[in-house]
Amino acid sequence: MKIGLRIDVDTFRGTKIGVPNLCKILAEQNLNASFFFSVGPDNMGRHLWRLLRPAFFMKMLRSKAANLYGWDILLKGTFLPGPLIGERMADIIAGVSKNGYEIGLHAWDHYHWQVHLDKMDQFTIRHSLEKGYSRLAKITGKPPVCSAVPAWKCSNNVLLEKERFHFNYNSDCRGRSIFYPVVSGKKLSQPQIPVTLPTYDEVIGHKGISVDNYNDYIISRIKPEELNVLTVHAEVEGIFCASVFYQFLKKALSKGISFVPLGKLLHENFSVGSSSIERGKIGGREGWVSVQV
Ligand SMILES: [Zn+2]
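Procedures and definitions
- Residues numbered from 1 in each chain as written.
- Predicted model: local features only at pLDDT ≥ 70, side-chain atom pairs only at ≥ 80, totals over all residues.
- Heavy atoms only, no water.
- Pairing = 2+ DSSP bridges.
- Helix = DSSP H or I, 4+ residues; strand = E, 2+ residues; numbered from the N terminus.
- Core = buried A, V, L, I, M, F, W, Y, C linked by side-chain atoms within 4.5 Å.
- Buried < 20%, exposed > 50% of the residue type's maximum accessible area, 1.4 Å probe, protein only.
- Contact = heavy atoms within 4.5 Å.

**Q** Would you mind going over the sheet that holds strand 7 (residues 186-187) in detail, with residue names and values included?
**A** As summarised here, the arrangement of the three strands in space is 7-6-10, forming an open sheet in which the pairing is mixed. Pairing within the sheet leaves two strands with one partner each, and these edge strands are strand 7 and strand 10 (273-275). In the sheet, strand 6 (residues 179-183) pairs with strand 7 via two bridges, with the strands oriented antiparallel. Residue Val 183 lies in a different strand from strand 7, and its bridge partner there is Lys 186.

This is the structure we're talking about:
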């Protein structure tokens, strides 16, 4: 059974510390995966402070967000302009590409996209995608082959703008199967590979799930014969939860589960239909996310 393994890199710290840690863990187990990089300014601190509402505060207590993200991330972009990740961490990103991992675009400015997508017009969306795309291409020496919007915040305008780029696929929503997105009755050309499994911060502290039984819970959610895609974060599984993630991979491998970059799933025998993408809710996550309908 093959699981698509997607690694989202949201921050400067995640790129600097989490990415090399994850590459080491993956190399030890001889595994491949897809990395989705954020290459513009790291303003995530601004985002985290803005979310200090009651629901988020409870989540912080549950998942110990300061431990997860590190205080430097909580403060980054709050008082000082965020550093350009792609400029300062180019060697690390290029190294991941050289080591044969699949490289995708996550964001230019993760924070801005996540919070302001509703206010971004078509041109602003295009400009943001172009900046991230060209910076990532410059760093790795080749264009990114895929993309994944930050925080599963997608829209029909985003889908239409992505048609301008030569992505083999996009992973912009939560869902159940590989599909071609439909916008205004028209089937678009780039398939979507949705994420099917929950993320660490969505489930930890809910329904009796703790660090001790988290790995078993995720393994129990894997569906044989169906599409399975897992997202991990460089900031979480690459730093704070690195040993939990290492144990997860070992356990899954011992059960005959293998991990592949998402692009490899396009060559499996999944039937590919068409669906639209709409806004929905995911347990344990604040606000809306894009879901396959
Ligand atoms: Zn992200």
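**Q** Describe unusual backbone geometry, with residues and values.
**A** Here the phi dihedral of Ala 151 falls at roughly 55°; this positive angle occurs in a residue that is not glycine. Mapped onto the fold, Ala 151 is located in the loop between strand 4 (146-147) and helix 10 (156-162). At Ser 184, a position not held by glycine, the phi torsion is positive, near 50°. Tracing the chain through its elements places Ser 184 in the loop between strand 6 and strand 7.

**Q** Give a detailed account of the nonpolar core, specifying residues and quantitative values.
**A** Where a protein is soluble and globular, its nonpolar side chains tend to be buried together. Ranked by internal contacts, the top residues of the largest apolar core, which has 63 residues, are Leu 26, Phe 35, Phe 37 and Phe 259. Broken down by element, the residue count for this core peaks at six residues, all from helix 14 (residues 242-254). Those residues in contact with Phe 37, other than ones at most four positions away along the chain, are Val 9, Thr 15, Val 19, Ile 93, Val 96, Ile 103, Gly 104, Leu 105, His 106, Ala 107 and Leu 136. Counting residues in each nonpolar core, the second largest holds 16 residues, with Phe 36, Ile 178, Val 195 and Val 289 among its members.

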